[in-house]
Every structure is written in structure tokens, then in C-alpha cells.
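Residues per chain are reported as follows:
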Amino acid sequence: MKAQHRKPQIISEDTHCQVNSLIQRLDNVKHIADSGFWISTTELKLLLSLDETFINSLNKKVLSQPQNCKFSWRNFECTLVDHQFGESFWAINTKQNLLINNNDALSQTPTYVSEIPDYKQSTLSDSIVLKIPPEVEVIPSPYALIDDFLSASQLNDLLRYTINKQPDFLPTTNSASDPNYRRSFYLAHFPEFSDLMVNLVRKISPQIIKHLDIKDFAIGQIESQMTAHNHGNYYKVHNDNGSPDCASRILTYVYYYYREPKSFNGGELVIYDSKIENGYSVAADSRKVIQPTNNTIIFFPSHCMHEVLPVSCPSEYFADSRFTINGWVRHV
Ligand SMILES: O=C(O)CCC(=O)C(=O)O
Ligand SMILES: [Fe+2]
């Protein structure tokens, strides 16, 4: 069959205006969704150009079934969130994984999600049947990495110092009741290098705080510890400010170093994004995997869930360990 060539259609001025005003309207809705502002039913009617019949049925729904009262409009979801001064208020969310009957994709007819049966039972039929897997908002975890943090001679001295201190390293403990939560060794007292590291971290923290978009805070104490992860060592998923004595930790830093050539594998730092579950911030499925590269330092918010994957260090020599100086920037 011959390919059919069509003349390109010339878009009229009128169509052009309609397209522009549609884009403007969708942008406005997205703006409200992104800002998290609540809007009243009257404002919603204007914003989405909803007709009177729909608003009447929506108001009925609000009265009869205020829980889980939501409806879809294009790729947005409007959810009833509050009543104030006799007015209903709505939050708008952008839908992520929309599974939608294509015929309806352009329809502006809103659909009550609460009228749709169970998600699993839904089929794509002629009627408006929308999906909606339970939507979970994932909050990405930010981090900042700096390469070549110490000079070559500082790194060299630090390595020599660390290896000489092997007899003073102790097995780590953890506030979790599970004794298998963490396996590694630490040194609490190393003034020759903790002062150096804490001073550098104090100097750079204001920039990091800005970069990570962390709400500005007055920097107080900065803690530091030296750690060694050898064969089979790890640290399971945790955050660094979950117990009352750690609650003022805002920023975590981890400086990585080791003897070259590198004689271990694994030991990646995994930082999980967050999601809210039953009012608590928990680890989402999405994560960033950070290689513990020699002479790099990483910063991330202390509330983010993270873990250290198991280290394989065939020689089992202490000197071949994955070493860190890590710690926390507290608010005053
Ligand atoms: O060693 C690392 O990469 C992270 C260590 C850690 O999470 C901690 O000490 O709290
Ligand atoms: Fe940690």
C-alpha cells in the first residue's frame, strides 16, 4: 500500500487561541497542585470550568459521603480535605500512574472515584472507569557529594593514623534492640583528625544546607566518629535522629577513605526516598546508591532512611577496611 501523504493543516487563529487558553488553564491547575493550596468548591468550579449540574451533585456527595470524597479531572485528583465557614475545601494532586480509557482521556467530565468499585475489579469499559492505585507521595531525599575533600598529604596521614589506632577500635552498638542491626567498629576519640573534620564541616555546612534546601537553622554541636567496616560488616536501614538524644541532628556527613588499591567490595551507602505512612515518614522503594569513593564526603538530611550494604573484604585485614569519619550537625 502506498503511503498516504496529507497536506499539513493550517491551524486557525481561533484554534491557536483555544490551545493557548487550555495550556494556561492546565498550568493554573498544576500550579495549585504543586503549591498544595486548598481551594473552595466555588473556586474549583471556576478553575476547572465545572458546570452547575456537576457542582450540585458534588455538593450532595460532600454531605452524604464526606469521607473519601474525591473526583478526577484529567490527570488531576481533587480530594475533599476540610470545611471552613460553611465552605468545602479541596486539595488537588497530580496523578502519576494513570491507567485510563483513551476515549475518556480528553473528556472533561469529572468522575467520582468513590463510585468506582475496587481497583482490581475495574475493567476498561465504555463507561468512565479510572484506575487509581492508592497514591503515595514520594519525597526525594537530597544529598551533596564532594570529591577530593582532603589534600593528598592529609589523607595519607589520616590513613596511617587510623591503621595505627586499630587496637582502640570497638564493636559498634545501636539503639535498635536487634544485636544484628549493625556490624562495624568505631573509634570515638581521635582529636588529631576530629578537629580537622569538624572545622571543615562547620565551614561548609551553610552552603550544603542551602544546596539541600534544608530549612535554615542555627548550627550547634558537630559530632564525629571514626568507623571501620571489614568483611561481613553492614548497617541496616535506619535514620540518624530517631531517638530523643539524637533529635537535634539535622545534617549527616560521611567522609570515606581507604588504602589503595581498594581491597573491599560492597559497603555502598543506600539513601531511601521517603513516603508518609500512617502519619510517619518511612522509607519509599526508590533509593540512591552511593559508592564509598576514596576521599569523598557526602551530606544528607539526618531524618532520611539509609543503610550500609554488606562489605566483602577477602583479606580481612583491618588496614583493608572501608573507613569513614562521619557525624552529625546539630541545631542549637
Ligand atoms: O558509613 C556510612 O556510609 C554511613 C554510616 C551511618 O549511617 C551512621 O553511622 O549512622
Ligand atoms: Fe546513619
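Look up: the structure comes first, before these words.
Quick caveat: nothing in here was measured; it's all calculated off a predicted structure. (Residues numbered from 1 in each chain as written. Chains lettered and ligands numbered in written order. Predicted model: local features only at pLDDT ≥ 70, side-chain atom pairs only at ≥ 80, totals over all residues. Heavy atoms only, no water.)

> Would you mind showing me how to read the overall build of the chain here?
The secondary structure content of the chain amounts to 5 helices and 21 strands. Counting across all 332 residues of the chain, residues that qualify as buried make up 43%. Summed over all atoms, the accessible surface of the chain reaches about 19500 Å², with 52% contributed by carbon and sulfur. (Helix = DSSP H or I, 4+ residues; strand = E, 2+ residues; numbered from the N terminus. Buried < 20%, exposed > 50% of the residue type's maximum accessible area, 1.4 Å probe, protein only. Areas by Shrake-Rupley, 256 points an atom, 1.4 Å probe, with all protein chains shown as cover.)

> Can you walk me through the site of ligand 1 in this structure?
With respect to spatial proximity, 14 residues lie near ligand 1, and among them His-238, Tyr-256, His-306, Arg-322 and Asn-326 are the closest. Separating an oxygen atom of ligand 1 from a side-chain N or O atom of Gln-225 is a distance of 3.4 Å. Between ligand 1 and His-306 there is a distance of 3.0 Å, counted from an oxygen atom to a side-chain nitrogen or oxygen. Protein contacts shield 98% of the accessible area of ligand 1, which totals 290 Å² for the unbound molecule. Among the secondary structure elements, those contributing two or more residues to the shell around ligand 1 are strand 13 (234–238), strand 14 (249–257), strand 19 (306–308) and strand 21 (322–331). At 4 residues, strand 21 tops the list of elements feeding residues into the shell around ligand 1. Considering only residue class, the shell around ligand 1 consists of 6 nonpolar, 5 polar and 3 charged. (Near = heavy atom within 4 Å. Polar contact = N/O pair within 3.5 Å; in protein donor to acceptor, adjacent residues only side chain to side chain. Nonpolar A, V, L, I, M, F, W, Y, C, P; charged D, E, K, R; others polar.)

> I'm lost on the packing of aromatic side chains in this one. Help?
In this description, an aromatic ring pair is defined by two values, namely the gap between the centres and the angle between the planes. Tallying each qualifying case throughout the model produces 11 aromatic pairs. Measuring from centroid to centroid gives 5.2 Å for Phe-54 and Phe-71, while their planes differ by 70 degrees, and the two rings are edge-to-face. Note that Phe-54 is positioned in helix 3 (residues 52–64) and Phe-71 in strand 2 (residues 70–73), a separation of 17 residues in sequence. Each member of the aromatic cluster is reached from another via a ring pair, and the members are Phe-149, Phe-169, Tyr-255, Tyr-257, Phe-318 and Phe-323. The ring of Trp-73 carries the charged tip of Arg-74 above its face, separated from the ring centre by 5.4 Å. (Phe/Tyr/Trp six-rings, centres within 6.5 Å; stacked < 30°, edge-to-face > 60°. Lys NZ or Arg CZ within 6 Å of the ring centre and 35° of its normal.)

> Quick question: what am I supposed to make of the environment of Val-308 here?
Mapped onto the secondary structure, Val-308 falls in strand 19. When the C-alpha positions of Val-308 and Lys-236 are compared, they lie 6.3 Å apart, and in sequence the two are 72 residues distant.

> How do you make sense of the pairing of strand 17 (residues 280–290) when you look at a structure like this?
The two faces of a sheet get side chains in turn, since along a regular strand they alternate between them. Here strand 16 (residues 269–277) runs beside strand 17; their pairing, made up of 8 bridges, is antiparallel. Bridge pairing in strand 17 places Val-270 opposite Val-289. Here strand 16 folds back onto strand 17, and the loop between the two strands holds 2 residues, one of which, Asn-278, carries a positive phi near 50 degrees. (Pairing = 2+ DSSP bridges.)

> It is not clear to me how helix 3 should be interpreted in this structure. Could you clarify?
In an α-helix there are 3.6 residues to a turn, and that puts residues three or four apart on one side. With 13 residues, helix 3 should cover 18 Å at 1.5 Å per step; its first-to-last C-alpha distance of 18 Å lies within 8% of that length. Taken as a whole, helix 3 has its buried residues at Phe-54, Ile-55, Leu-58, Lys-61 and Val-62. For helix 3, the arc enclosing every buried residue in end-on projection is 120 degrees, short of the 170-degree limit, so these residues lie on one face. Those residues of helix 3 that are exposed and aimed more than 90 degrees away from the buried face are Thr-53, Lys-60, Leu-63 and Ser-64. (Expected span 1.5 Å × (residues − 1). Arc of directions from axis to C-beta.)

> Honestly, the side chain of Ser-88 in this entry has me stumped. Any pointers?
For Ser-88, the location among the structural elements is in strand 4 (residues 87–94). Accessibility expressed as a relative area gives 9% for Ser-88, which makes it buried. Within the structure, the side chain of Ser-88 is placed 3.3 Å from the side chain of His-83, a separation counted as a polar contact. Sequence-distant contacts of Ser-88, defined by excluding residues within four places in its chain, comprise Ile-39, Ser-40, Thr-41, Val-62, Leu-80, Asp-82 and His-83. (Contact = heavy atoms within 4.5 Å.)

> What is the right way to look at the pattern of salt bridges in this model?
Think of it this way: side chains of opposite charge can pair up when their charged atoms draw near. Summed over the entire model, instances satisfying the criterion amount to 11 salt bridges. We note a salt bridge from Arg-160 to Asp-157, for which the minimum N-O separation is 3.3 Å. Here Arg-160 and its partner Asp-157 are both found in helix 4 (residues 152–164), 3 residues apart, which amounts to about one turn of the helix. Judged by relative accessible area, Asp-157 falls into the partly exposed class, the value being 37%. Residue Lys-275 is joined to Glu-277 by a salt bridge in which the shortest nitrogen-to-oxygen separation is 3.5 Å. Looking at Lys-275, the relative accessible area reads 17%, which means it is buried. Among the charged side chains, a salt-bridge network with shared partners connects Glu-223, Arg-249 and Arg-330. (Salt bridge = Lys/Arg side-chain N within 4 Å of Asp/Glu carboxyl O.)

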